[in-house]
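# Structural description and commentary
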Amino acid sequence: MKKISTIRQYSLGTVAFLMLGLTACAKPPQAANSEGIKLQGNIVLTGSSTVAPLAIEMGKRFEEQHPQVRVDVQTGGSSRGLADTRNGSADIGMVSRSLKPEEGDLTAHAIARDGIAIILHSENPVAELSPEQVVDIYQGQLTQWSDVAGGPTSPITVVNKAEGRSTLDVFLKHFDLKNSEIQAQVIIGDNEQGIKTVTGNPNAIGYVSIGAAEHSIGRGEPLKMLPLDGVSPSTTTLQDGTFPLARTLNLVTQGASEPTAQAFLQFAQSPQVQDLIEQQNFVPIESAPLAPSTP
Amino acid sequence: MSISQRPGLTVTALDRLLGFAMAATVIAVGLGFCWILGAIVAQGLGQISLAFLLAEPSNAGREGGIAPMLVSTLLILGVCLAIALPLGLGTALLLAEFTITDQRLGRLVRRSLDFLAGVPSIVFGLFGNAFFSQVLGLGFSILSGGLTLACMVLPLLIRTTEEGLRAVPPSYRQGAAALGLSQTTTLFKIILPAAVPGLIAGLVLGMGRALAETAALIFTSGYVDRFPRSLMDSGRALSIHIFDLSMNIPGGDARAAASALVLLTLLLLLNLLAGALAQRWANSS
């Protein structure tokens, strides 16, 4: 770190003369907090785009309590959160699934729970798919909706998540699939992109975060979630632990954290942020018993 | 249908067909543009208010405004232009004015620039993240985003400026030499003012590309939607805000359209400003 900071000084110096005019708008550092605790510095979070909007809102509330702290939230997917936490460019990683056994070098701090729902266009008459049918559709063995009970005579458009996304990992693990086996027509990144792909194509099947899907259905978009093992996906069935395809949203750290980062981790797991978690359509961790088939 | 053999301005069926095809093309292009603009205005105009321009975002951007993003965007663009303009002008001068005797250097530089101009912006983003953010230790910052954009915009800027300089007739240089003017005086008093249209074209294209950029910025200047305190802070550009609202935030579409409308207006204003500055400079020298 020492070496990097000297290089930073040097490189800053060389470009400083060009920047003088631009830095004029920088605000002076704020006066010390009147409270007893004087936390200061930057906390950098990177990773899951599912967690990022929630982390930003948590960060803003944390900054209100500790005016000398800045919480910087970056995005890019869970894999990036893991990589950045390991190489030190982030203090805290955001990962929207549980850690795998080979990721034992990192510590997970659970902040909320979320589920993944299979979504169809609301015009699609199919009311339920068995797990076997979902596997067959994603492996490309079922290609027509007419092969499914109640389905229309049209081809199935399979929408899959991009590599490195936790939603993909959780989905694959639940259905015991490999990504290489999947025959997808569309590969998507973030949740809202998945919803837009399905609402724009009556023949599409996809899977997204329940919170995002509930939000869209609430706004009257042509979308429906399919029940899984007879349980319909909603934040209520997530909360009582009956919906099987659930995941934990985690903040991860490596080794001992700085006091500021530690304080933020505690804050993010405290009841003070419960309303923010619900606002982003997730389920707070205290009230969510662990689902039986948690990945 | 055959082409008329008679000379003069006789209108034949083929002429009419070609004329119709041209008009149709123009209308199609115009309609496409109006459709895009109309969609953005229809969805976004109702959201725009003074508060939207001056407030900070809340609830992941669904509420509140875009003030921090506006500030970050302008700062990133400022850093980008502060680096790219002098470097671009210098390189273009070298290529247009001083490489006549050294053809090989000129060709090499030009080839590399044309190659760089075609590199996808995400590659610049990854380079910027690896070099500026990590090797130089700038982290996620407006500085690192602006420098990455400068790298991306430079090829375009240099090539357009070079074309502008080459468009200055050789007789100007010969006339200046005949009058005994020094090379420096010729450059600043004669060639540069005459090349201003080319410089402005390069500047406007470069600004457009920089303002529209998303991929190169997401890994360099980052995602933080707060007012930056200095150039070392991370700041979310408007284009990234639009991308996030439309692709990651359920219910963010209207705000995305409103932000897009602001970005379009900003681009228009900056282009007008560049044009006005150029006019003034050309008149004063």
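None of these values were measured; they are calculated from a predicted model. (Residues numbered from 1 in each chain as written. Chains lettered and ligands numbered in written order. Predicted model: local features only at pLDDT ≥ 70, side-chain atom pairs only at ≥ 80, totals over all residues. Heavy atoms only, no water.)

### A look at the overall build of chain B
Counting its regular elements, chain B contains 11 helices and 2 strands. Each helix and strand of chain B, placed in order from N terminus to C terminus, yields the pattern α-α-β-β-α-α-α-α-α-α-α-α-α. Dimensions of chain B, computed from C-alpha atoms along their principal axes, come out at roughly 65 × 60 × 35 Å. A burial count over chain B gives 47% of its 285 residues as buried. A fraction of 73% describes how many contacts in chain B between residues 6 or more apart in sequence connect residues 24 or more apart. In chain B, which carries 17 positive and 13 negative side-chain charges, the distance between the mean positions of the two groups comes to 8 Å. (Helix = DSSP H or I, 4+ residues; strand = E, 2+ residues; numbered from the N terminus. Buried < 20%, exposed > 50% of the residue type's maximum accessible area, 1.4 Å probe, protein only. Contact = heavy atoms within 4.5 Å. Lys, Arg positive; Asp, Glu negative; His and termini not counted. Charge placed at Lys NZ, Arg CZ, Asp CG, Glu CD.)

### With respect to the domain arrangement of chain B
Residue and element names in this part refer to chain B. Under the domain assignment, chain B is made up of domain 1 (3-47) and domain 2 (52-284). Between the C-alpha centres of domain 1 and domain 2 there is a distance of 32 Å. Every contact between the two is made by 7 residues of domain 1 and, on the other side, 9 residues of domain 2. For the domain 1 and domain 2 pair, buried surface summed over both sides reaches about 660 Å², with 73% attributable to carbon and sulfur atoms. Interface area lost by domain 1 to domain 2 is led by Ile40, Gln43 and Gln47, which between them contribute 71%. Remark: the boundary between domain 1 and domain 2 carries 0 salt bridges. The tally of links between domain 1 and domain 2 comes to 1 residue pair in polar contact (both at pLDDT 80 or more). Class assignment of the residues belonging to the side of domain 1 that touches domain 2 gives a composition of 4 nonpolar, 3 polar and no charged. (Domains from an automatic or database assignment. Buried area = accessible area lost by both parts, 1.4 Å probe. Salt bridge = Lys/Arg side-chain N within 4 Å of Asp/Glu carboxyl O. Polar contact = N/O pair within 3.5 Å; in protein donor to acceptor, adjacent residues only side chain to side chain. Nonpolar A, V, L, I, M, F, W, Y, C, P; charged D, E, K, R; others polar.)

### Overview of the confidence of the model for chain A
Residue and element names in this part refer to chain A. In the predicted model, chain A carries a mean pLDDT of 82, and the fraction of residues at 70 or more is 84%. Looking at the elements of chain A, mean pLDDT is at its lowest for helix H1 (residues 2-19), recorded as 45, and at its highest for strand E3 (residues 92-95), recorded as 95. pLDDT under 50 marks residues 1-36. Its contacts with residues more than four places away, or in other chains, come to 37 contacts. The low-confidence segment residues 287-295, where pLDDT is below 50, has 21 contacts with residues more than four positions distant or belonging to other chains. (pLDDT = per-residue confidence, 0-100.)

### Regarding the nonpolar core
Ile43, Leu45, Met58, Phe62, Leu251 and Phe264 of chain A are the most contacted members of the largest nonpolar core, which has 99 residues in total. Considering every element that reaches this core, the biggest residue donor is helix H3 (residues 67-97) of chain B, with 14 residues. Ignoring any residue separated from it by four or fewer positions in sequence, one finds Leu45 of chain A in contact with Ala55, Val71, Asp72, Val73, Gln74, Ile92, Met94, Leu251 and Phe264 of chain A. (Core = buried A, V, L, I, M, F, W, Y, C linked by side-chain atoms within 4.5 Å.)

### Details of the interface of chain A and chain B
The interface of chain A with chain B comprises 43 residues on the first partner and 42 residues on the second. Linking chain A to chain B there are 5 salt bridges. Our enumeration of links across chain A and chain B arrives at 17 residue pairs in polar contact (both at pLDDT 80 or more). At the level of secondary structure, the elements contributing two or more residues to the side of chain A that touches chain B comprise H1, strand E1 (41-47), helix H2 (52-65), strand E2 (69-73), helix H3 (78-87), helix H6 (191-199) and helix H7 (210-218) of chain A. With 8 residues, the top contributor of residues to the side of chain A that touches chain B is H1 of chain A. Of the residues assigned to the side of chain A that touches chain B, the class counts are 16 nonpolar, 14 polar and 13 charged.

### Describing the pattern of salt bridges
One pass over the full model with this rule turns up 22 salt bridges over all chains. In this structure, Asp233 of chain B engages Arg70 of chain A in a salt bridge whose closest nitrogen and oxygen atoms are separated by 3.2 Å. Remark: Arg70 of chain A occurs in strand E2 and Asp233 of chain B occurs in the loop between helix H9 (215-218) and helix H10 (238-247); the pair is interchain, linking two chains. Among the ionic pairs, Arg110 of chain B bridges to Glu162 of chain B, the shortest N-O distance being 2.9 Å.

### So, the packing of aromatic side chains
All names here are of chain A. This model, assessed by the stated rule, comprises 9 aromatic pairs over all chains. Judged by centre distance (5.2 Å) and plane angle (80 degrees), the rings of Phe62 and Phe264 are edge-to-face. Remark: Phe264 occurs in helix H9 (residues 259-268) and Phe62 occurs in helix H2; sequence separation between them is 202 residues. Judged on exposure class, the residue Phe62 and its partner Phe264 are both buried. Where Phe171 meets Phe175, the ring centres are 5.0 Å apart and the plane angle is 55 degrees; that geometry is what we call tilted. (Phe/Tyr/Trp six-rings, centres within 6.5 Å; stacked < 30°, edge-to-face > 60°.)

### A few points about unusual backbone geometry
One non-glycine residue, Asp176 of chain A, lies in the positive phi region at around 55 degrees. By the element assignment, Asp176 of chain A lies in the loop between helix H5 (166-175) and strand E6 (186-188).

### Remarks on the domain arrangement of chain A
All names here are of chain A. The domains assigned to chain A are domain 1 (41-113 + 249-284) and domain 2 (115-239). Averaged C-alpha coordinates put domain 1 and domain 2 at centres separated by 28 Å. Listed by partner, the interface residues are 12 residues for domain 1 and 14 residues for domain 2. Taking both sides of the interface into account, the surface hidden between domain 1 and domain 2 amounts to around 1000 Å²; carbon and sulfur atoms contribute 48%. Looking at the side of domain 1 facing domain 2, the largest losses of area belong to Arg97, Asn281 and Val283, adding up to 45% of the total buried there. There are 2 salt bridges connecting domain 1 and domain 2.

### Structural notes on the environment of Ile36 of chain B
Residues and elements named next belong to chain B. Within the secondary structure layout, Ile36 lies in helix H1 (residues 13-44). The exposed category is assigned to Ile36, whose relative accessible area is 55%. Taking the C-alpha atoms as reference points, Ile36 and Ser121, 85 residues apart in sequence, are found 23 Å from one another.

### Here's the deal with the pairing of E2 of chain A
All names here are of chain A. Where burial is concerned, most of E2 is hidden: 5 out of the 5 residues are buried. Here E2 shows a buried face lined by Val69, Val71 and Val73 and a second buried face lined by Arg70 and Asp72. Note: E1 against E2, 5 bridges, orientation parallel. When the bridges of E2 are listed, Val44 appears paired with Asp72. (Pairing = 2+ DSSP bridges.)

### Comments concerning the packing of helix H6 (residues 142-166) of chain B against helix H8 (residues 183-212) of chain B
Residues and elements named next belong to chain B. The geometry of H6 relative to H8 is characterised by a closest axis approach of 8 Å and an angle of 150 degrees between their N-to-C directions. Viewed along their axes, H6 and H8 adopt a mutual orientation that is roughly antiparallel. The handedness of the crossing between H6 and H8 is right-handed. Here Leu149, Met152, Val153, Leu156, Leu157, Thr160, Thr161, Gly164 and Leu165 of H6 lie close against H8, whose contacting residues are Ile191, Leu192, Ala195, Gly198, Leu199, Ala201, Gly202, Leu203, Leu205, Gly206, Arg209 and Ala210. (Axes fitted to C-alpha atoms, helices over the stretch in contact; angles between N-to-C directions. Parallel < 35°, antiparallel > 145°, perpendicular 65-115°, else oblique. Left-handed = near helix turned anticlockwise from the far one by under 90°.)

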